[in-house]
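# Geometric and topological summary
Here's the letter readout for the chains.
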Amino acid sequence: MKNGLEDVVAAETQLSDVDGEAGRLVIRGVSLDHLAEYASYEDVAALLLDGLIEGNLEKENLRRRLGQARTEVFAHIRAIDDDMLGLPPVDIMRALTARLPDGDDLEAALGLLAAPAVFLPAILRLKNGDEPVAPSPSLSQSADILAMLGGGRPSKEKVKALDTYLVTISDHGLNASTFASRVIASTKAGLTSSVLGAIGALKGPLHGGAPGPVLDMLDAIGSQDNAKAWLNQALDRGERLMGFGHRVYRVRDPRADALRYALRPLIDADQVDRERIKLANAVELAALAILKERKPDRPLDVNVEFYTALLLDALGFPRDAFTGVFAIGRTIGWIAHAREQALRGRLIRPRSLYVGPLPQAA
Ligand code: COA
């Protein structure tokens with residue numbers, strides 16, 4: 001038995017390759033560095049769905065249909081009542097997503113891609129006592145998310161930064177939520193069922209739930225001088241440092257650097273809290289040194305969540321919404337994997353090793 005299925009190969013995929021030794025991520029033959037710099041969210045959606053779903057995936061058509069889908073799913077916002085509004089944002093997203101029809105075609109996929117992009121900004125506005133802002137179908141997905149969140153036209157630096165984020169986290173091998181999506185798809189359930197299961201798997205702090213706690217950690221540390229002492233005390237208490245370590249990467253997570261670069265235009269345009277960035281840089285350096293000293297046999301480097309926290313904070317998302325933004329970006333990966341599994345895979349049904357008691361002899 002392999003605890004946590006570590007190193008077990010459970011699927012063949014043409015979607016993405018995570019090379020944990022080299023610190024390299026390839027999405028459908030293109031390196032993450034290239035995609036993060038040049039591709040839009042819509043480009044990557046078309047790239048991931050190519051050959052897995054029927055329909056016109058040409059960029060302009062996809063952008064137009066995604067805009068229409070955002071307008072259609074906006075009607076579901078009405079289902080949010082006061083009880084639901086008391087839940088964490090990602091739980092409300094999950095509840096609303098459950099209302100979407102199951103299906104395997106492009107229309108079902110577009111509805112699922114549009115849904116989190118529309119739901120999250122509306123949920124955040126309602127929680128603040130503000131009216132939700134309706135989608136603008138002519139905008140790109142990233143521009144519209146920020147427009148629905150802030151109620152005005154977002155800066156081009158912010159749109160580019162969100163696009164880079166959504167592209168960077170679009171797919172990442174057989175992570176926990178993607179595996180959940182594939183397991184469900186292997187039973188021939190529809191895409192909504194796969195995405196719902198994946199959202200459930202994403203919300204835990206060991207997967208998509210870490211970036212909020214990264215900011216909590218930075219706040220608790222407070223100043224650069226306090227970094228070393230605070231980090232050592234946290235480790236002495238047996239805690240893990242959020243934003244560090246990875247099951248597959250034994251070197252720096254390449255997505256961390258893609259997001260670090262994505263922050264630069266925001267820093268240059270003075271659209272970010274520079275003091276927090278300086279503190280984060282100091283905490284990163286201190287944490288890397290301490291982890292190296294304490295765990296010499298286990299290479300522990302920075303992961304995607306560390307810079308996710310800084311980027312999403314700069315874009316105006318509250319920390320309890322970070323997992324929801326992750327879901328907006330990762331839904332395309334879940335859908336592509338679900339389609340690949342349904343088309344080319346087999347029912348996923350591993351075995352367990354029984355270690356419980358045996359029946360008593362009579
Ligand atoms: N801080 C301190 N120690 C850490 C650590 C961290 N962030 N991540 C791993 N370790 C240590 C563990 O304590 C363990 O040490 P031990 O063998 O002395 O007990 C060792 O490294 C191996 O940990 P393990 O739990 O087997 O690794 P994993 O592959 O199951 O865990 C993560 C991967 C991501 C869950 C883990 O690194 C973690 O909890 N990170 C913090 C949360 C986070 O940033 N999540 C986002 C991931 S993208």
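How each quantity is defined
Residues numbered from 1 in each chain as written. Predicted model: local features only at pLDDT ≥ 70, side-chain atom pairs only at ≥ 80, totals over all residues. Heavy atoms only, no water. Helix = DSSP H or I, 4+ residues; strand = E, 2+ residues; numbered from the N terminus. Contact = heavy atoms within 4.5 Å. Buried < 20%, exposed > 50% of the residue type's maximum accessible area, 1.4 Å probe, protein only. Core = buried A, V, L, I, M, F, W, Y, C linked by side-chain atoms within 4.5 Å. Pairing = 2+ DSSP bridges. Salt bridge = Lys/Arg side-chain N within 4 Å of Asp/Glu carboxyl O. Near = heavy atom within 4 Å. Polar contact = N/O pair within 3.5 Å; in protein donor to acceptor, adjacent residues only side chain to side chain. Areas by Shrake-Rupley, 256 points an atom, 1.4 Å probe, with all protein chains shown as cover. Nonpolar A, V, L, I, M, F, W, Y, C, P; charged D, E, K, R; others polar. Axes fitted to C-alpha atoms, helices over the stretch in contact; angles between N-to-C directions. Parallel < 35°, antiparallel > 145°, perpendicular 65-115°, else oblique. Left-handed = near helix turned anticlockwise from the far one by under 90°. Phe/Tyr/Trp six-rings, centres within 6.5 Å; stacked < 30°, edge-to-face > 60°.

### Some details on the environment of Leu347
Among the structural elements, Leu347 can be located in the segment after α16 (322-344). Put simply, Leu347 and Pro357 are 10 residues apart on the chain and 29 Å apart in space, counted from C-alpha to C-alpha. Setting aside chain neighbours within four positions, we find Leu347 in contact with Ser186 and Thr187.

### Notes on the environment of Leu62
Counting through the fold element by element, Leu62 comes out in helix α3 (residues 59-73). For the pair Leu62 and Val167, spaced 105 residues apart in sequence, the C-alpha separation works out to 16 Å. For Leu62, the contacting residues outside a window of four places in its chain are Glu42, Ala45, Ala46, Leu57 and Leu110.

### Some thoughts on unusual backbone geometry
In this model, Asp7 sits at a positive phi of 65°, which is unusual for a non-glycine residue. Mapped onto the fold, Asp7 is located in the segment before β1 (16-19). Under the relative-accessibility criterion, Asp7 is labelled exposed at 68%. In this structure, Lys188 takes a positive phi of about 70° despite not being glycine. Here Lys188 falls in the exposed class, since its relative accessible area comes to 56%.

### Some thoughts on helix α11 (residues 211-221)
Within α11, burial applies to Pro211, Gly212, Val214, Leu215, Met217, Leu218 and Ile221. The secondary structure elements touched by the buried residues of α11 are α12 (227-236), α14 (274-294), α15 (304-314) and α16. A positive backbone phi angle near 80° is found at Gly222, which sits one or two residues after α11.

### Observations regarding the nonpolar core
If you look at the biggest cluster of nonpolar residues, it comprises 115 residues, and the most contacted ones within it are Tyr165, Leu231 and Phe317. Per-element tally for this core: the top contributor is helix α6 (residues 106-127), with 14 residues. Not counting residues up to four positions away in its chain, the partners in contact with Tyr165 are Leu259, Thr308, Leu311, Leu312, Val325 and Phe326.

### Concerning the sheet that holds strand β3 (residues 30-31)
The 3 strands lie next to each other as β1-β2-β3, forming an open sheet whose pairing is antiparallel. The open sheet has two edge strands with one neighbour each: β1 and β3. Looking at chain direction, strand β2 (residues 24-27) and β3 are connected through 2 bridges and run antiparallel. Looking across to β3, one finds that Val26 is bridged to Ser31.

### Side note on the pattern of salt bridges
Per the stated rule, a full pass over the model turns up 24 salt bridges. Close ionic contact of Asp91 with Arg94 constitutes a salt bridge, the shortest N to O distance being 3.8 Å. Of the two residues, Asp91 and Arg94 are both situated in helix α5 (residues 89-97); the distance of 3 residues between them amounts to about one turn of the helix. A salt bridge links Asp216 to Arg319; the shortest N-O distance between them is 2.8 Å. Residue Asp216 is located in helix α11, and its partner Arg319 is located in the loop between α15 and α16; the two are separated by 103 residues in the primary sequence. Accessibility expressed as a relative area gives 40% for Asp216, which makes it partly exposed.

### Some details on the environment of Pro213
Summarising the element assignment, Pro213 is placed in helix α11. C-alpha of Pro213 to C-alpha of Met242: the two residues are 29 residues apart in sequence and 6.5 Å apart in space.

### Re the site of the ligand
Neighbouring the ligand are 19 residues, the closest being Arg240, Leu241, Gly243, Phe244 and Arg247. Separating an oxygen atom of the ligand from a side-chain N or O atom of Asn303 is a distance of 2.9 Å. Alone, the ligand offers 870 Å² of accessible surface; in the complex the protein occludes 74% of this. The class makeup of the residues in the shell around the ligand is 9 nonpolar, 5 polar and 5 charged.

### Quick word on the packing of helix α8 (residues 156-168) against α16
Between two packed helices, both the angle of their axes relative to each other and the distance between the axes serve to describe the pair. At their nearest, the axes of α8 and α16 sit 7 Å apart, and the two run at 65° to each other. In terms of orientation, α8 and α16 fall into the roughly perpendicular class. The crossing of α8 and α16 is right-handed. Here Leu162, Tyr165 and Leu166 of α8 lie close against α16, whose contacting residues are Val325, Phe326, Ile328 and Gly329. Classifying every residue of the contact of α8 with α16 gives 6 nonpolar, 1 polar and no charged.

### A short note on the packing of aromatic side chains
Under the definition given, this model contains 2 aromatic pairs. Ring geometry for Phe244 and Phe306: centres 5.3 Å apart, planes at 55°, overall tilted. Note that Phe244 is positioned in the loop between α12 and α13 (254-268) and Phe306 in helix α15, a separation of 62 residues in sequence. Each member of the pair, Phe244 together with Phe306, is buried. When the centroid spacing of 5.4 Å and the interplanar angle of 75° are considered together, the rings of Phe306 and Tyr307 count as edge-to-face. Relative accessible area serves as the criterion here: at 2%, Tyr307 is assigned to the buried category. Members of the aromatic cluster, each reached through a chain of ring pairs, are Phe244, Phe306 and Tyr307.

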